[in-house]
There are 2 protein chains.
Amino acid sequence: MNSSLINIGDELLIGQVVNTNAAKMSQMLGAAGIEVTQVLTIGDDADAIHNTLRKCLETSEIVLITGGLGPTKDDITKKVLCDFFHSELYENEAALENVRRRMEAFGRELTDINRQQAWVPRCCTVLNNPLGTAPGMWFDTQNENAPHQVVVSLPGVPFEMVGLMENEVVPRLREAFHTGHILHRTLITQGIGESFLSDLIEPWELALPRNIRLAYLPQPGLTRLRLTARGDDPAILQQQVETAVQGLMQIAGQYILCDGFDTLSEYIAHTMTEAGLTLATAESCTGGALSAQLTALAGASNYFVGGVVSYSNEVKESVLHVPHDILATHGAVSEPTAIHMAEGVRRHLHADYGIATTGIAGPGGGTPEKPVGTVWIAVASAHGTVTRKLSIPRQRAQVIEGACQQILGLLAKYLKERK
Amino acid sequence: MNSSLINIGDELLIGQVVNTNAAKMSQMLGAAGIEVTQVLTIGDDADAIHNTLRKCLETSEIVLITGGLGPTKDDITKKVLCDFFHSELYENEAALENVRRRMEAFGRELTDINRQQAWVPRCCTVLNNPLGTAPGMWFDTQNENAPHQVVVSLPGVPFEMVGLMENEVVPRLREAFHTGHILHRTLITQGIGESFLSDLIEPWELALPRNIRLAYLPQPGLTRLRLTARGDDPAILQQQVETAVQGLMQIAGQYILCDGFDTLSEYIAHTMTEAGLTLATAESCTGGALSAQLTALAGASNYFVGGVVSYSNEVKESVLHVPHDILATHGAVSEPTAIHMAEGVRRHLHADYGIATTGIAGPGGGTPEKPVGTVWIAVASAHGTVTRKLSIPRQRAQVIEGACQQILGLLAKYLKERK
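Residues numbered from 1 in each chain as written. Chains lettered and ligands numbered in written order. Predicted model: local features only at pLDDT ≥ 70, side-chain atom pairs only at ≥ 80, totals over all residues. Heavy atoms only, no water.

Now for the pairing of strand 8 (residues 150-154) of chain B. Residue and element names in this part refer to chain B. Burial of strand 8 is extensive: 5 of the 5 residues sit out of reach of the surface. The alternating pattern of strand 8 places Val150, Val152 and Leu154 and Val151 and Ser153 on opposite faces, both of which are buried. As paired strands, strand 3 (residues 62-66) and strand 8 are joined by 5 bridges and run parallel to one another. Along strand 8, the bridge assignment pairs Ile65 with Ser153. When strand 7 (residues 136-140) meets strand 8, the two strands line up antiparallel, connected through 4 bridges. Within the sheet, the bridge partner assigned to Phe139 lies in strand 8 and is Val151. (Buried < 20%, exposed > 50% of the residue type's maximum accessible area, 1.4 Å probe, protein only. Helix = DSSP H or I, 4+ residues; strand = E, 2+ residues; numbered from the N terminus. Pairing = 2+ DSSP bridges.)

Right under this line is the structure:
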């Protein structure tokens, strides 16, 4: 059973917006055991939408569509789907109620344009979208003459799409296509390249039961390994995965930072909160991205007291009290500066742990001695301060993200060893 | 004249890698007046590549392909193209020379696997790729019986693809097809919902010249409007768009924060750098996301001195010197606290402008008086301090993102008015 994705939007075709929905949807479908065989990005054009959908239904049981559901003139997906399924639009009471709720929440008037969001084709099942005004639409072609096919239309706004996928689409697809039980377990590895890791664990991977699949999810600074087990008995799946993880630990345990968490931030939040420890950040090259990742999780205030984005040297001196001569002698991107930043923020923000990043994110600012991608990171605690030098010869965004994952990894390793 | 993009790679279909090549290529083609009508992402599968290319050539004069050119087993694009064009592979001297040069640069031996990179179909024109070992391939179908069509195959590595597009593909396409011009202009609006904006500007939109299209690009906290004009004479397009923008300013000017920038961060970076002004941030509920957005842009250090993520009240007092009794009397989420945060960070980080956010991102922490999504923002400068109360009854990520766009909008408005 396979699926096609159709992402609709002129903004995607002119490159103003990167299509992140496709990757996110593919991940979610893959996790549910549904393969994506093609992703098609087209504009807000009636013929293109109609023809693309027709072609996809020639090869896929499932077609998921995003975009073109807004209330404005360039959003035509709903009308096209209505024609495609020879249906007619009507005002859906539940969808209208959702629109009304949202308008009330924002203290806004319910306009005719808002109401239009509640008009849907009669032949579809409305999928409630509590995060937005455009409902999801589920079209089911099940009948004795044709094979069972499903077409789903979702808003293009990423968080609305994700909400609908999680709460409505994936559960319904799993039921409609009997995908059975699926168990996932994610381990985060760091300190070894993807290809070396795959060489190292190949024998273990080849020996996995046929109902367990391994996926590599590399991202700047780390690689996540996701085990997906499929079967009918949850208890057996649980046992199989546990055995597989134990085997993996024996050959690659030194590279595995945590087990059972999707991100290092989640692991750190869990571990520090449980231990009653507090954390403060001092960021130069990561510019706030590190704090942002930690505070993106609810409950961050349980362990995260705050941070300083010491972008200029003046701030490194005035707020973090990095000695002037350290900056003058060694420069902002140096081990001594990273140490003083981590210890300074730990001391002045009264935290158990202080972590720091200082580097050259680029594209400018590199030198032969300190090329773009040179980053020093440090973790300070009552037990002392550890540092690491990174070399991430990539684009600005990757240097920043890589540095964030490396400092989180260093902290995670440190917390693990202290247990 | 239009084009299709085919991005090949299993890693794209399982969501391991976000397809950023499509957006980049679309931008470069659009700037050259070549419209992209569809983007197709498929796996490393011979039939899929063959059939997708065939279908694309039914509707597009230009088909650009990325990916599947590596030396490993799963990279099959070159062989498929060779079959598709009924050609044969041979070792191209120039391509081999490039491979040899690169191996020497890395001090590596020239292996047989390296040499394979220099084998290309006889019928193609080799496009030199000095940034990698896989050459670009240009297939030209020009002959008296068929319409002129071009198929180009490029490596999937983003910077190699960009280099080939810039230096080889775009110049050749502009010459091969006498391209028209496309002009884009983006305006950022805030303080009015998409549907209300659409009501307000509908008469103006309906009166736009037929060669100008309007697109709404909403995101948490703001809506971008993008005008796209097509034609032969750049000067006339420029004039048409200018006239259209002036008309829009007259009816919706009060909601338009900036004109000609894709993000508020870009506008603020440009404006403050040009004016020689400096900025510091004090973040509570945004937790570093605000600083991260500002520092994501190269050159941020020209105006951004740094920030304080004052997540706990202790940090608000100890680092930003928010008076204890202010926090005790009014609470952390209050106008007086926001004012003291903005003025405190401005003073202690010695910046011309200090901006602050303090609110309840949720899901927990809400009260009847201060529900989740309540955020106070403030902009402090030598001219005084302005504040605004926000109500963003959404999920945590949207509250944070919305607050970031609102404070950036308030600063942008302030900078605009001071001009």
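Don't stop here, the text continues.
Let us now look at the interface of chain B and chain A. Counting residues at the interface gives 75 residues for chain B and 73 residues for chain A. With both sides pooled, the region where chain B packs onto chain A buries about 5400 Å², and carbon together with sulfur makes up 59% of that total. When residues of chain B are sorted by the area they lose upon contact with chain A, Leu13(B), Gln16(B) and Tyr311(B) head the list and together hold 10% of the total. The tally of links between chain B and chain A comes to 1 salt bridge. Applying the counting rule to chain B against chain A returns 24 residue pairs in polar contact (both at pLDDT 80 or more). Of all the elements, helix 8 (residues 194-206) of chain B adds the most residues to the side of chain B that touches chain A, at 8 residues. When the residues that make up the side of chain B that touches chain A are grouped by side-chain class, the tally is 34 nonpolar, 30 polar and 11 charged. Alignment of strand 2 (residues 35-42) of chain A against strand 2 (residues 35-42) of chain B, held across 5 bridges, turns out to be antiparallel. (Contact = heavy atoms within 4.5 Å. Buried area = accessible area lost by both parts, 1.4 Å probe. Salt bridge = Lys/Arg side-chain N within 4 Å of Asp/Glu carboxyl O. Polar contact = N/O pair within 3.5 Å; in protein donor to acceptor, adjacent residues only side chain to side chain. Nonpolar A, V, L, I, M, F, W, Y, C, P; charged D, E, K, R; others polar.)

Taken together, the side chains of Leu131(B), Val157(B) and Phe159(B) present a nonpolar region at the surface, about 250 Å² in accessible area. Within the secondary structure, Val157(B) is located in the loop between strand 8 and helix 7 (158-176). (Patch = residues over 30% accessible without salt bridge, like charges linked within 9 Å, V, L, I, M, F, W, Y side chains within 5 Å. Areas by Shrake-Rupley, 256 points an atom, 1.4 Å probe, with all protein chains shown as cover.)

To continue, consider the domain arrangement of chain A. Residues and elements named next belong to chain A. Domains assigned within chain A are domain 1 (2-177), domain 2 (181-259) and domain 3 (264-418). A straight line from the C-alpha centre of domain 2 to that of domain 3 covers 29 Å. Between domain 2 and domain 3, the residue contacts involve 11 residues of the former and 12 residues of the latter. Between domain 2 and domain 3, roughly 870 Å² of surface is buried when both sides are summed, and carbon and sulfur atoms account for 60% of that area. (Domains from an automatic or database assignment.)

Next up on the list: the packing of helix 3 (residues 46-59) of chain B against helix 4 (residues 77-84) of chain B. Residues and elements named next belong to chain B. For the pair helix 3 and helix 4, the least separation of the axes is 10 Å and the interaxial angle reads 50°. Relative to helix 4, the element helix 3 is oriented oblique. In the crossing of helix 3 with helix 4, the sense of the turn from one axis to the other is right-handed. Contacts between helix 3 and helix 4 involve Ala46, Ile49, His50, Leu53, Arg54 and Leu57 from the former and Thr77, Val80, Leu81 and Phe84 from the latter. (Axes fitted to C-alpha atoms, helices over the stretch in contact; angles between N-to-C directions. Parallel < 35°, antiparallel > 145°, perpendicular 65-115°, else oblique. Left-handed = near helix turned anticlockwise from the far one by under 90°.)

A contiguous patch of negative charge on the surface is contributed by Glu35(A), Asp10(B), Glu11(B), Asp45(B), Asp47(B) and Asp74(B). Tracing the chain through its elements places Glu35(A) in strand 2. (Lys, Arg positive; Asp, Glu negative; His and termini not counted. Charge placed at Lys NZ, Arg CZ, Asp CG, Glu CD.)

Moving on, we come to unusual backbone geometry. Of note, the bond from Gly362(A) into Pro363(A) is cis; its omega dihedral lies within 30 degrees of zero at 0°. The backbone phi angle of His321(A) is positive, close to 55°, even though this residue is not glycine. Examined against the element boundaries, His321(A) turns out to sit in the loop between helix 12 (313-318) and helix 13 (324-330). Judged by its relative accessible area of 43%, His321(A) is partly exposed. We note that His350(B) has phi near 55°; this positive angle belongs to a residue other than glycine. Position of His350(B) relative to the elements: it lies in the loop between helix 14 (335-348) and strand 15 (353-359).

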